[in-house]
Amino acid sequence: MEYNNIKTPSVINGLLPNDKFSELKDHLFNYPKTAESMNWEPVLKRWQLPFDSLIHKYHRENMLNRAKEFFGSDTLVPSYSMFTHYTKDGWLPKHKDDNACTYSIDMCIYSNTDWPVYVEDNPYTIGENQALMHYGNDLEHWREGVCGEGNYVGMAFFHYVEPDHWWVTKGPDYVQVVKGNMTEEEWEGLYGGQR
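Residues numbered from 1 in each chain as written. Predicted model: local features only at pLDDT ≥ 70, side-chain atom pairs only at ≥ 80, totals over all residues. Heavy atoms only, no water.

**Regarding the overall build of the protein**
The helix and strand inventory of the protein stands at five helices and 10 strands. Relative to the globule expectation of 16 Å for 195 residues, the C-alpha radius of gyration of the protein, 17 Å, shows essentially globular dimensions. Referenced to the eigenvectors of the C-alpha coordinate spread, the extents of the protein come out at roughly 50 × 40 × 35 Å. Here the protein holds 195 residues, and 48% of them are scored as buried. Look at the contacts in the protein between residues 6 or more apart in sequence, and 76% of them connect residues 24 or more apart. (Helix = DSSP H or I, 4+ residues; strand = E, 2+ residues; numbered from the N terminus. Rg over C-alpha atoms; globule rule 2.2 N^0.38 Å. Buried < 20%, exposed > 50% of the residue type's maximum accessible area, 1.4 Å probe, protein only. Contact = heavy atoms within 4.5 Å.)

Take a look at the structure:
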């Protein structure tokens with residue numbers, strides 16, 4: 001199935017070699033899920049780590065070539081990566097991403113439950129060291145219900161864009177304009193001369 005000339009989302013196995021995956025899993029599983037260490041997202045009821053040096057390293061060193069190969073673009077570049085930890089009440093509503101997520105790799109780091117991700121009404125179950133490759137800005141995606149009592153899911157997200165994307169040409173702060181939190185004129189006044 002094709003969506004407007006783009007590849008069908010797919011689950012990829014063994015994204016990292018076992019030793020690198022074990023290093024990443026141990027690091028993130030044991031990372032303190034506290035307000036001092038991570039951000040709590042009250043709407044989605046999940047912990048978020050917006051920047052981590054080990055995830056950042058794998059984003060550029062290991063995932064970049066996998067993204068280029070799967071999405072068929074030799075020009076794509078990393079935008080941002082992050083880690084999230086869902087617990088019992090964590091949820092993910094139906095949405096399309098509004099950040100620099102043209103190409104998305106949603107990688108399961110750890111999980112004690114099957115909690116599928118839906119993309120355009122198709123469910124995808126992702127286990128440890130597997131990832132869902134999809135177009136975050138173009139395809140609607142979500143999870144049904146909540147993570148569930150006693151359950152947890154740890155996900156790393158690796159996002160990529162083309163070199164002419166606003167993330168590259170205007171900078172990450174331009175997301176405020178994209179999300180409607182700031183006008184183009186306000187952004188130019190604050191950041192325009194810095195790029």
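**Description of the packing of helix α1 (residues 18–29) against helix α2 (residues 53–71)**
Contact geometry of α1 with α2 gives a least axis separation of 11 Å together with a crossing angle of 155°. As far as their axial angle goes, α2 and α1 are roughly antiparallel. Of the two possible hands of crossing, α1 and α2 adopt the one that is left-handed. When α1 is examined against α2, the residues Lys20, Glu23, Leu24, His27 and Leu28 are found in contact with a partner set consisting of Leu54, Ile55, Tyr58 and Asn62. The class makeup of the residues in the contact of α1 with α2 is five nonpolar, two polar and two charged. (Axes fitted to C-alpha atoms, helices over the stretch in contact; angles between N-to-C directions. Parallel < 35°, antiparallel > 145°, perpendicular 65-115°, else oblique. Left-handed = near helix turned anticlockwise from the far one by under 90°. Nonpolar A, V, L, I, M, F, W, Y, C, P; charged D, E, K, R; others polar.)

**Topic: unusual backbone geometry**
The phi dihedral of lysine 45 is positive, around 50°, even though this residue is not glycine. Mapped onto the secondary structure, lysine 45 falls in the loop between β2 (39–41) and β3 (46–49). Backbone geometry at aspartate 121 places phi at a positive 75°, although glycine is not the residue there. Tracing the chain through its elements places aspartate 121 in the loop between β6 (117–119) and β7 (122–124).

Treat this as a map of the structure, not an account of what it does.
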